[in-house]
Structure formats: structure tokens, C-alpha cells
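Architecture and fold: a report
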Amino acid sequence: MHHGATIERSEVRGSGDAPGEPLPGLVLVFSERRPRLAALPLAPGSLVIGRGDSLGVTLPDARMSRQHAEVRFDGECFSVQDLGSRNGSQVDGEPVRPGTWVPARRLVRLGDSLFLVSPDVRPFLRAEVLQTPDGRVMGPITQAIAAAIGRAAQAGATLHISGESGVGKEAAARSFHELGPHARGPFIAVNCAAIPEGIAERLLFGARRGAYSGAAGDAEGYVQAAHGGTLFLDEIGDLDLQVQGKLLRVLESKEVLALGATRPRPVELRVCSATHKDLRAQVAAGRLREDLYFRVARPEIVIPPLRERLEELPWLIAATLEHVRPGLRPDPSLVETCLLRPWPGNIRELITEIRAAGHEAAITGATKVLPPHLGPRAGLAFAPASPASPEPASPRPSPLPADPRAPEARPILLAALRECNGNVSGAARLLGLHRTQLRRLIAHHAIDVGESAAASDE
């Protein structure tokens, strides 16, 4: 745990570590105008949620009725019914008519409280959110990753970090450095994708005077600068192949030969690499040396995208707005809007857009930030460029019926699988389901995933 960190503990006590069947339920992430973290397990059956106490979780939301809504889980899907509440219920951003059951796939809003739909709430039992002095927010998933990084830092001299752009790979690399035996040494970060062609060797390994035209003096490289510390190579797969071979020799011999030098210089360092690409695919395509891959790619830490750890999002929003102006708060509708967007740029994009929204609100003297303060494309997927002769768009699957086990759901499931070439995870995202739920529905409808993939190629 970082010194000076503050902890918000879950209001639910239980054993979230025991192996066994998934425990479906809701995860409270925002209430009382602030981020919260609490789990409400929901076994097959139903649960009535309202102002007061639900499964040991206190909900003093003034806009929530005593019996606000009923949530049901039938073993496959979640659904919500508003119980005639004063301020209504919303499911996935849409209002629920009283007396009507509506399938819930991502988010439930009751009053000003926001709940994530989760196929397994066990990680959130006895959970906590940690905020570090440097502004990082760490939910249960991120804390487990941090623990794995700590073990790697103590066990070896290399670590590879993979994940989408903006998930926090450099922060993870800094943790690897700070938790290892060379924490007092330098941390040198290099973006390999930004190194101009032809000068990677002298930038990495240094050069002696006269080694090339214009070399008026000795120049230290990144490797020498990282001596006694950690060298972080972001987007390592973009390194020139010739340079990759020399880097491998440095790692194996612990010596570096500067450009134009006649004798190598001893160097002691740890190497952390990162990429948003599949390194095995880079090896297969001939863009990454196989021997370098086996030297740097293990152990590997995978950082999931923000959309797979949404419990952190309200905390990131609140911390960013507090930094913009103390006392500036997010409206529940802003947090709801952000929770429903994919954020392809992950944490980096979220913080940039929320900071801009906070400044927009502050200029007008507002005390809370609303959805209109966000940029029009904030958190949304990039639209593909329009081709000169546009091809007909692939039909998107229709929404699933209230009961996805009904016969009319089968063609919708097939359409989603065909659009994603048989990829279950992709089809689940398209349908707003968890992949475990989709696999159960595939089995229920006796769908052959292989055939759906083949059909998409015809």
C-alpha cells in the first residue's frame, strides 16, 4: 500500500475469495453524490431495493423511494421492474415504465444511485478502493494487478505489460521500478514508436565523438542513463530489427557498446517493456525477434481496459474534478453517461475529457458538472472513415427480447456471432451481455459457434 493512501471500504462483509460458482448481483458505484463501492449479491430470485438498508448496504438516497425497484436474476439474465417509485428507474440509460420488467445488461439507476450489473460480485465483497498520493485510483482488479507487479519486481529483472492505449502501462512500469531493489536508481522511459528511423541505435546505446558526422562529443544513450535503475521500453515491438539484436546482447551480457566505441561498458539495469499489440503476432510477422521475445515477454501483466473495471470510473471522475476546482462535483447523470460509454482511450481519455468538462462548468460558475459539459464525442468509439464508394453497412443485431431464451432470440444471437466472426467476447459486447451469459444462451439455443464463424466468411 502506498504511503498516505486513503481507503473506502465496502459496506458488505463476506468471503469474496472462496472458489466456487459465480455470485451474480449488483455493484453500487455512486450514491449520496459521491463514489461508493458495495456489493449486493442476487441469487436466483429477486431483491427489492429502496431507500434504507438492502443486504446490509445503507442507501440514504433522498430521491429513492422506500421500495423503489425489484431486480430479478433468473439464472441467465437480469431484469428490473420499477415499483411505482417517485422519481423513476433507468436501465442502461432508458426509463423503466412502472409494472414492466426490462432486461438489464450494464447499468441500473435508482434515484441518484448507480449500480453496475455484474455476473459475479465476489471480487467486490470486502472490497476497497485505494487512491494514491499521485492520483491513481485502484479498485479490486487494479489492486490484484499491483500485487502481481510487486511479486514480479522482487522475483526478476524483466516485466512485460500489455493493454490498450491509455490503460496506465507507464504507471505500472513505475510501480515495477519502485517496488524493486533498484528503486533509488533512475527510471528511464522510452517510447520506441516515437524514435525517428535511423537514430535508434545511438539514442539507445550512446555514441562516441566522431562516430558519425556531427558527433562533436560523447553522448550517453538511454541504456547507460538507466544504469542502476529501470529502462522502460514502451511499444517495444516498434524497435528496428537490427537494434533489437543489440538490445538482446545488452540484456544477456550486461554490457553496452556505444556507437563508435571499441570497448563495452558494464551496465546493471532492469527492463520493463510494454505494448498494446500482440507480441506473438509481431514475431510471426517478422517484426520482432523471437529470441528477444522470449527474453522480455515473461512474466507478463495484462491491464484490462477501463470498460472492464468500471467501478473505478466514478472515483476517477470525482478526483479529476476536485483537482480542477475543490468542491466541484459530478452530477449523477454525468457519471451515468460516462459509465455507458466505451472510452476507447481508456483512463487517459476519461481524465482529459472530464478535466475539460470541469473547466467548462467552472467558467460558468456551476458547482456540479453535467453531461452537456462533456465534448460531443467524449468516450465514444471512433467512426470509420467514409470510403469513396461506401459499401452497404452490416446489419446490426436487433435488441434481445425480455426473455433471451425464447425462440425469437436465436436469430439475433446468430447475427451477432456472424458479425463478430464467431468471437464470443465480441458478440457479447455487441449484445450488452457478459460472455458467460452469452455462452449459456449459445448452449440453450444449441448454436454452433464454428458454423456462425464460417457463415460470416461466405
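Preceding this section is the structure that the text describes.
In short, a report on the structure. All values reported here derive from a predicted model rather than from experimental measurement.

Side note on the side chain of Lys 246
- Take Lys 246: it is sitting in helix 5 (residues 241–253).
- When residues no more than four places from it in sequence are discounted, the contact partners of Lys 246 are Glu 201, Phe 205, Leu 257, Ala 258 and Leu 259.

Notes on the packing of aromatic side chains
- In the structure shown here, the tally under the stated rule is three aromatic pairs.
- When the ring of Phe 73 is compared with that of Phe 78, the centres are 4.7 Å apart and the planes differ by 40 degrees; the resulting orientation is tilted.
- Residue classification places Phe 73 among the buried residues on the basis of a relative accessible area of 7%.
- Taking the relative accessible area as the measure of exposure, Phe 78 reaches 2% and is therefore buried.
- Ring geometry for Phe 187 versus Phe 232: centroids 6.1 Å apart, planes at 20 degrees, classification stacked. Taken together, the positions of Phe 187 in strand 17 (residues 187–191) and Phe 232 in strand 18 (residues 230–234) put the pair 45 residues apart, joining distant regions of the chain. Taken as a pair, Phe 187 and Phe 232 share a single burial class, namely buried.

Here we look at the pattern of salt bridges
- Tallying each qualifying case throughout the model produces 15 salt bridges.
- Between Glu 164 and Arg 307 there is a salt bridge; the shortest N-O distance is 2.5 Å. Placement of Glu 164 in the loop between strand 16 (158–162) and helix 2 (169–178) and of Arg 307 in the loop between strand 22 (300–302) and helix 8 (313–324) is noted, with a sequence separation of 143 residues between them.
- For Glu 164, a relative accessible area of 27% puts it in the partly exposed group.

As for the nonpolar core
- If you look at the biggest cluster of nonpolar residues, it comprises 38 residues, and the most contacted ones within it are Leu 313, Ile 317, Cys 338, Leu 339, Leu 350 and Ile 354.
- No other element matches the six residues that helix 8 contributes to this core.
- Judged by nonpolar contacts, the second largest core, of 28 residues, contains Ile 188, Val 190, Leu 231 and Leu 248.

About the thresholds
- Residues numbered from 1 in each chain as written.
- Predicted model: local features only at pLDDT ≥ 70, side-chain atom pairs only at ≥ 80, totals over all residues.
- Heavy atoms only, no water.
- Helix = DSSP H or I, 4+ residues; strand = E, 2+ residues; numbered from the N terminus.
- Contact = heavy atoms within 4.5 Å.
- Phe/Tyr/Trp six-rings, centres within 6.5 Å; stacked < 30°, edge-to-face > 60°.
- Buried < 20%, exposed > 50% of the residue type's maximum accessible area, 1.4 Å probe, protein only.
- Salt bridge = Lys/Arg side-chain N within 4 Å of Asp/Glu carboxyl O.
- Core = buried A, V, L, I, M, F, W, Y, C linked by side-chain atoms within 4.5 Å.

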